[in-house]
2 protein chains.
Amino acid sequence: MSNQDPSRTRRRRGSAQPTLKEVAAAAGVSSITASRALNAPERVNEETRKRVLEAVDRVGYVPNLVAGSLASARSRFIAVIVPSLANAVFIEVIRGLQATFEAQGYQILLGNTDYDIEREHRLVRTFLGWSCSALVTAGLRHTPACRDLLEHCDKPVMEVMELGEALDLNVGLDHREAGRCMARHLLERGYRRIVYVGACLDKDYRAGLRFDGHREVMEAAGREAPLIELDRLGSLEAGAAGLDRVRDAYPDAEAIHFANDDLAAGALLHGFRLGLKVPDEIAIAGFNGLALGQHLTPRLTTIKSPRETMGRQAAEQILRRLDGKRVTRRQCNVGFELLVGEST
Amino acid sequence: MSNQDPSRTRRRRGSAQPTLKEVAAAAGVSSITASRALNAPERVNEETRKRVLEAVDRVGYVPNLVAGSLASARSRFIAVIVPSLANAVFIEVIRGLQATFEAQGYQILLGNTDYDIEREHRLVRTFLGWSCSALVTAGLRHTPACRDLLEHCDKPVMEVMELGEALDLNVGLDHREAGRCMARHLLERGYRRIVYVGACLDKDYRAGLRFDGHREVMEAAGREAPLIELDRLGSLEAGAAGLDRVRDAYPDAEAIHFANDDLAAGALLHGFRLGLKVPDEIAIAGFNGLALGQHLTPRLTTIKSPRETMGRQAAEQILRRLDGKRVTRRQCNVGFELLVGEST
DNA sequence: TAGAACTATGATAGCGCTAACATGATAGCG
DNA sequence: CGCTATCATGTTAGCGCTATCATAGTTCTA
């Protein structure tokens with residue numbers, strides 16, 4: 001059986017949507033002129049541009065960005081990779097990135113690693129496959145293969161959240177120093193038996209860095225630095241459990257340095273339920289500077305990091321680089337601020 | 001000055017990355033076989049597949065998804081459009097969507113409208129331009145042009161959060177009924193002078209629907225339904241301000257029905273700072289069932305909606321549709337649950 | 001054992017757009 | 001006035017992949 005119509009050429013129909021060619025025909029110009037009218041208006045006569053825009057409306061044209069990206073070998077995608085969406089901290093960074101990038105016509109591709117650097121690697125591959133314009137990832141730890149990809153992809157790579165030996169661009173803060181800062185504060189307040197409570201420090205290794213700073217200061221002061229590690233990531237429940245575990249394991253503890261505000265707030269609220277006097281019976285400190293902590297009674301002592309700003313700064317640096325400007329300061333320390341409440 | 005080598009054809013270099021063709025050459029097969037080895041393994045001999053995969057590793061091939069999408073006229077993108085990233089509610093829905101879609105190899109394209117349906121329209125255009133496989137948007141309200149795009153794009157369109165006259169698929173809950181439910185609860189508890197406090201009800205119109213339900217029940221009971229509208233969206237600060245405004249404007253109010261838990265928790269915490277007895281002096285109720293409310297003392301009475309589940313269900317329905325299966329039940333009510341705490 | 005059905009692979013032609021080069025018209029300059 | 005510079009537009013050839021059709025070999029069926 002032969003083809004019913006051998007003269008008919010092979011058929012393939014894409015999206016059935018109107019294409020630039022049709023717009024061009026409707027406007028009486030070539031398709032490249034239509035393309036320019038949309039993407040580089042200054043290169044086209046005012047009159048012509050108007051005609052093209054009218055034609056766009058008339059035929060209901062929606063640009064095929066996939067085709068455009070393939071042809072130009074670049075997309076207006078920015079890959080953003082974070083370890084978790086459950087943690088408000090990352091959401092705020094994303095918000096800063098998003099606001100800045102969207103205003104410049106970039107679209108964010110969001111990836112979630114669940115604190116797994118293998119998944120990070122997979123996400124990086126995928127996003128590179130989308131010809132993203134730049135990559136933003138939370139943290140400095142990657143698999144060797146992922147490192148390799150990032151180093152050789154020839155796109156701006158931004159590592160946010162922490163400072164250190166970065167691949168390319170880096171906006172963040174010094175977590176070890178933040179840990180030291182809070183430990184010093186607690187010692188200054190006169191507390192001596194201080195327990196650090198973290199959750200999954202292997203995953204949330206930045207909290208691990210803060211603990212390192214904490215321990216450093218404690219040991220320099222000739223004090224021990226006991227650690228309790230919870231097995232669930234930051235949540236109010238986990239914080240409540242943490243308080244119980246400290247009271248159980250270290251009945252004479254005077255203060256608890258929590259790895260983050262979720263845990264600390266959970267402990268504070270739990271302490272309240274138990275009728276515990278904070279900070280007289282036990283002092284509580286956190287990290288992040290979430291709004292919640294500042295609305296509790298007593299207000300939570302914590303360290304505030306400028307997360308949305310961090311996102312904005314990261315985005316701005318990347319945009320500068322994408323505009324062809326050399327970025328001189330590749331590393332940017334956004335710092336942090338000790339907020340002293342009544343909980344310590 | 002002529003070209004240095006006129007015989008050389010026009011040059012254009014894409015990403016300088018290895019392509020499928022190179023992989024194919026390295027594996028000694030045609031590029032289409034290499035393509036199949038990666039995308040339809042069952043259509044290729046076991047041996048051949050292995051050789052291709054080795055070649056992929058050898059040359060460091062990263063698939064160009066843009067080219068693939070153009071050729072196949074579909075991408076593994078799912079567009080997700082939410083009004084805000086500042087609101088934990090949407091984040092949780094996104095989490096549900098993300099977990100389900102990512103497991104199936106789909107990538108989420110996240111868009112944020114800032115509660116502006118014009119921006120929603122722009123985002124829909126952009127995402128359609130990316131040949132996304134499906135669209136998820138929070139809510140049933142769109143500009144007419146956006147409606148039109150969504151109706152004619154021939155892709156699964158999922159409207160989440162609320163139930164109603166949907167374009168295509170719909171997973172959500174009945175906000176009006178939720179408002180009724182809480183109003184009934186407050187009346188049953190014996191409160192009579194009840195103030196509803198919302199924030200930007202024109203934007204957060206779902207909270208407006210809940211107020212409608214609330215008012216309906218109040219009026220049926222022969223009671224008034226005073227409304228106080230704040231000008232900042234849900235936050236602890238706004239909730240504190242809301243409590244102050246109610247005490248100022250309605251000194252004899254017995255209960256406050258807040259539009260969401262952020263406001264309610266803010267009020268509860270503020271009341272605590274003021275030394276106000278809740279619920280004796282004033283009862284407080286919220287909506288959402290956030291973890292925070294359940295950790296406060298007194299526990300917040302609220303209505304819990306299964307947000308992550310909503311995301312998962314939405315994703316599953318879409319996946320079913322994308323797999324070619326007809327979805328019979330286009331509308332899915334995920335319901336809600338009244339959580340009675342000690343705050344009422 | 002002829003034919004159907006299936007398996008494994010390949011050749012070819014796009015997908016819809018834009019980079020690179022080309023062209024013709026007009027303006028600017030000494 | 002000839003020459004270059006600039007502007008507005010067009011022609012052509014891909015970007016890297018996959019849909020479609022084609023082909024040869026193998027297995028199954030009656």
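Residues numbered from 1 in each chain as written. Chains lettered and ligands numbered in written order. Predicted model: local features only at pLDDT ≥ 70, side-chain atom pairs only at ≥ 80, totals over all residues. Heavy atoms only, no water.

### Overview of the interface of chain B and chain A
Chain B puts 51 residues into the contact, and the matching count from chain A is 51 residues. A buried area of about 4,500 Å², summed over both sides, lies between chain B and chain A, and 64% of it is on carbon and sulfur atoms. There are two salt bridges connecting chain B and chain A. Arg119 of chain B is the partner of Glu102 of chain A in a salt bridge, and the nearest nitrogen-oxygen pair spans 2.5 Å. At the boundary of chain B with chain A, the tally comes to twelve residue pairs in polar contact (both at pLDDT 80 or more). (Contact = heavy atoms within 4.5 Å. Buried area = accessible area lost by both parts, 1.4 Å probe. Salt bridge = Lys/Arg side-chain N within 4 Å of Asp/Glu carboxyl O. Polar contact = N/O pair within 3.5 Å; in protein donor to acceptor, adjacent residues only side chain to side chain.)

### A word on the nonpolar core
Core analysis: the largest hydrophobic core is formed by 156 residues, its most contacted members being Val80, Leu97, Phe101 and Val160 of chain A together with Val80, Leu97 and Val160 of chain B. Beyond its immediate chain neighbours, meaning those up to four positions away, Phe101 of chain A contacts Ile78, Tyr106, Ile108, Ala315, Ile318 and Leu319 of chain A. Counting 38 residues, the second largest nonpolar core, distinct from the first, contains Phe77 and Val157 of chain A together with Leu123 and Leu149 of chain B. (Core = buried A, V, L, I, M, F, W, Y, C linked by side-chain atoms within 4.5 Å. Buried < 20%, exposed > 50% of the residue type's maximum accessible area, 1.4 Å probe, protein only.)

### So, the pattern of salt bridges
A side chain of one charge can pair with a side chain of the opposite charge if their charged atoms are brought near each other. Counted under the stated rule, the structure contains 34 salt bridges over all chains. In this structure, Glu254 of chain A and Arg193 of chain A form a salt bridge, with 3.1 Å as the shortest nitrogen-oxygen distance. Pair noted here: Glu254 of chain A is in the loop between helix H10 (236–249) and strand S8 (255–258) and Arg193 of chain A is in the loop between helix H8 (175–188) and strand S6 (194–199), with a separation of 61 residues, a long-range link. Residue Glu162 of chain B pairs with Arg206 of chain B through a salt bridge whose shortest N-O separation is 3.1 Å. You can see Glu162 of chain B sitting in strand S4 (residues 157–162) and its partner Arg206 of chain B sitting in helix H9 (residues 205–220), a full 44 residues away along the chain. Of the two residues, Glu162 of chain B and Arg206 of chain B, neither departs from the other in class, the shared state being buried. Because the salt bridges share partners, they merge into one network encompassing Glu177, Arg180, Arg184 and Glu216 of chain A. (Helix = DSSP H or I, 4+ residues; strand = E, 2+ residues; numbered from the N terminus.)

### Things to note about the environment of Glu22 of chain A
Residue and element names in this part refer to chain A. Secondary-structure assignment places Glu22 in helix H1 (residues 20–27). Judged by its relative accessible area of 39%, Glu22 is partly exposed. For the pair Glu22 and Val56, spaced 34 residues apart in sequence, the C-alpha separation works out to 9.0 Å.

### Quick notes on the relation of the copies chain B and chain A
Rotating chain B by 180° and moving it 0.1 Å along the rotation axis overlays it on chain A with an RMSD of 0.1 Å. Accordingly, the operation relating the two chain copies is best matched by a two-fold axis. Of the interface residues in chain B, 100% have counterparts in chain A that sit at the interface too, so the contact is made through matching surfaces. (Least-squares fit on C-alpha atoms with pLDDT ≥ 70 in both.)

### Quick look at the packing of H8 of chain A against helix H9 (residues 205–220) of chain A
Residue and element names in this part refer to chain A. At a minimum axis distance of 7 Å, the contact between H8 and H9 shows a crossing angle of 45°. The angle between H8 and H9 falls in the class oblique. By crossing handedness, the relation of H8 to H9 is classed as right-handed. Along its contact with H8, which presents His175, Arg176, Ala178, Gly179, Arg180, Ala183, Arg184 and Leu187, the element H9 presents Arg206, Leu209, Arg210, Asp212, Gly213, His214, Glu216, Val217 and Met218. Here the contact of H8 with H9 is built from residues that sort into six nonpolar, four polar and seven charged. (Axes fitted to C-alpha atoms, helices over the stretch in contact; angles between N-to-C directions. Parallel < 35°, antiparallel > 145°, perpendicular 65-115°, else oblique. Left-handed = near helix turned anticlockwise from the far one by under 90°. Nonpolar A, V, L, I, M, F, W, Y, C, P; charged D, E, K, R; others polar.)

### Here's the deal with the packing of aromatic side chains
For the structure shown, the criterion picks out ten aromatic pairs over all chains. Consider the rings of Phe77 of chain A and Trp130 of chain A, whose centres lie 6.4 Å apart with planes at 75°: the pair is edge-to-face. In this pair, Phe77 of chain A sits in strand S1 (residues 77–82) while Trp130 of chain A sits in the loop between helix H6 (117–129) and strand S3 (134–138), placing the two residues 53 residues apart along the sequence. In this structure Phe77 of chain A comes out as buried when scored by relative accessible area, which is 0%. On the numbers, 6.0 Å between centres and 70° between planes, the contact of Phe101 of chain B with Tyr106 of chain B is edge-to-face. Among the residues examined, Tyr106 of chain B registers a relative accessible area of 12% and is labelled buried. The rings of Phe77 and Trp130 of chain A together with Phe77 and Trp130 of chain B are connected pair by pair, giving a single aromatic cluster. Looking at Arg76 of chain A, its charged tip hangs above the ring of Tyr106 of chain A, at a distance of 4.2 Å from the centre. One Lys or Arg, Arg206 of chain B, reaches over the ring of Tyr205 of chain B and ends 5.1 Å from the middle of that ring. (Phe/Tyr/Trp six-rings, centres within 6.5 Å; stacked < 30°, edge-to-face > 60°. Lys NZ or Arg CZ within 6 Å of the ring centre and 35° of its normal.)

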